[in-house]
Amino acid sequence: MIKTIYVGYQAPHPEDFTYHRDESSNEWLLIHTLTPAEVLIGGRWKSYPENQIIIYPPHARADYRACNGPYKNNWMTFLTDEKYIVQAALPFNVPIQISCADSFHHLFHMLAIENHFDYEYREQSIGHLFHLLFDKLSEACHSSSSVQSRENLLALNLEIQSNPGFQWSVPYMAKRLNISPGYMQSLYRKTFGVSCMEDVFNKRIELAKDYLAHSQYTITQIAELCGYQSSEHFFRQFRRLTSTTPSNYRQKVRGDEP
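Procedures and definitions
Residues numbered from 1 in each chain as written. Predicted model: local features only at pLDDT ≥ 70, side-chain atom pairs only at ≥ 80, totals over all residues. Heavy atoms only, no water. Pairing = 2+ DSSP bridges. Helix = DSSP H or I, 4+ residues; strand = E, 2+ residues; numbered from the N terminus. Contact = heavy atoms within 4.5 Å. Axes fitted to C-alpha atoms, helices over the stretch in contact; angles between N-to-C directions. Salt bridge = Lys/Arg side-chain N within 4 Å of Asp/Glu carboxyl O. Buried < 20%, exposed > 50% of the residue type's maximum accessible area, 1.4 Å probe, protein only.

A.B. asks: Describe the sheet that holds strand 3 (residues 28-33), with residues and values.
C.D. replies: Spatially, 1-8-3-6-9 is the arrangement adopted by the five strands of the open sheet, whose pairing is antiparallel. Edge positions in the open sheet fall to strand 1 (2-13) and strand 9 (96-97), since each of these has one partner strand only. One ladder, built from nine bridges, connects strand 1 with strand 8 (residues 71-80); its direction is antiparallel. The residue bridging Lys-3 from the neighbouring strand is Leu-79, located in strand 8. Sitting on the sheet, helix 2 (residues 101-116) touches strand 1, strand 3, strand 6 (52-56) and strand 8, and the angle it makes with strand 1 is about 120°.

Here it is in structure tokens:
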């Protein structure tokens, strides 16, 4: 289901234009900048050239403003539960640079027209245009993967390696990178060849093996140090990834086997 609230096409704004939306809004907001703009990201204003797409999901703060003159954009607000949007492997809340600007411009024009008139096939037509819009966004995003996102991802990977016992989760990692959970998982697997949580589990088990080999901690203590809420969960995951038990591994690596 997609319900368009408003679609603005080539909307002009003065050079002192500033937009702010707090976390109370339950609508999606999608922006296509037609002139340079400044966007508030991580508490800092950053300047971007024209032809950026920004997707703000419901209850996400949105702040952007004119930059070096009058500001113009295409924009729309809508409600949806469509999985290809809600779970899109796209960055949310940050600008996406697009190269095929004319395509997006035409799509916004058609959406504005379809949204204006009420006729029998209106919802079906809007649905097709949204599919095309998000397909184009996926192409734009994957053809020009964000360098900053990749740098942040590498830093996150190093942090996981340094502290695998932390209570990592997909939503927490995505929030740290300021991107959607779907995009974060897609980018992580593409970069490291493994899912983000499987990488956490692998690093936890490597840490556990080090403790088993070189410390006097009990297995229960090692489970806690490696981020497990229960010894049973640690036991199952250790066995899944090593084909042996923590006790047997400790005996073997220390030469204590009977």
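A.B. asks: So what's going on with the pattern of salt bridges? Which residues, and what values?
C.D. replies: As a working rule, side chains carrying opposite charge can pair if their charged atoms are close by. A full pass over the atoms with the stated rule returns six salt bridges. Of the charged contacts in the structure, one is a salt bridge between Glu-159 and Arg-176, with a shortest N-O distance of 2.6 Å. Note that Glu-159 is positioned in helix 4 (residues 147-162) and Arg-176 in helix 5 (residues 170-177), a separation of 17 residues in sequence. The exposure class assigned to Glu-159 is partly exposed, which follows from its relative accessible area of 33%. For Arg-176, a relative accessible area of 39% corresponds to the partly exposed category.

A.B. asks: A description of the environment of Ser-25 should follow, citing residues and the corresponding values.
C.D. replies: Looking at the element boundaries, Ser-25 is found in the loop between strand 2 (18-21) and strand 3. Along the primary structure Ser-25 and His-59 are separated by 34 residues, whereas in three dimensions their C-alpha atoms are 5.2 Å apart. If sequence neighbours within four positions are ignored, Ser-25 has contacts with Pro-58 and His-59.

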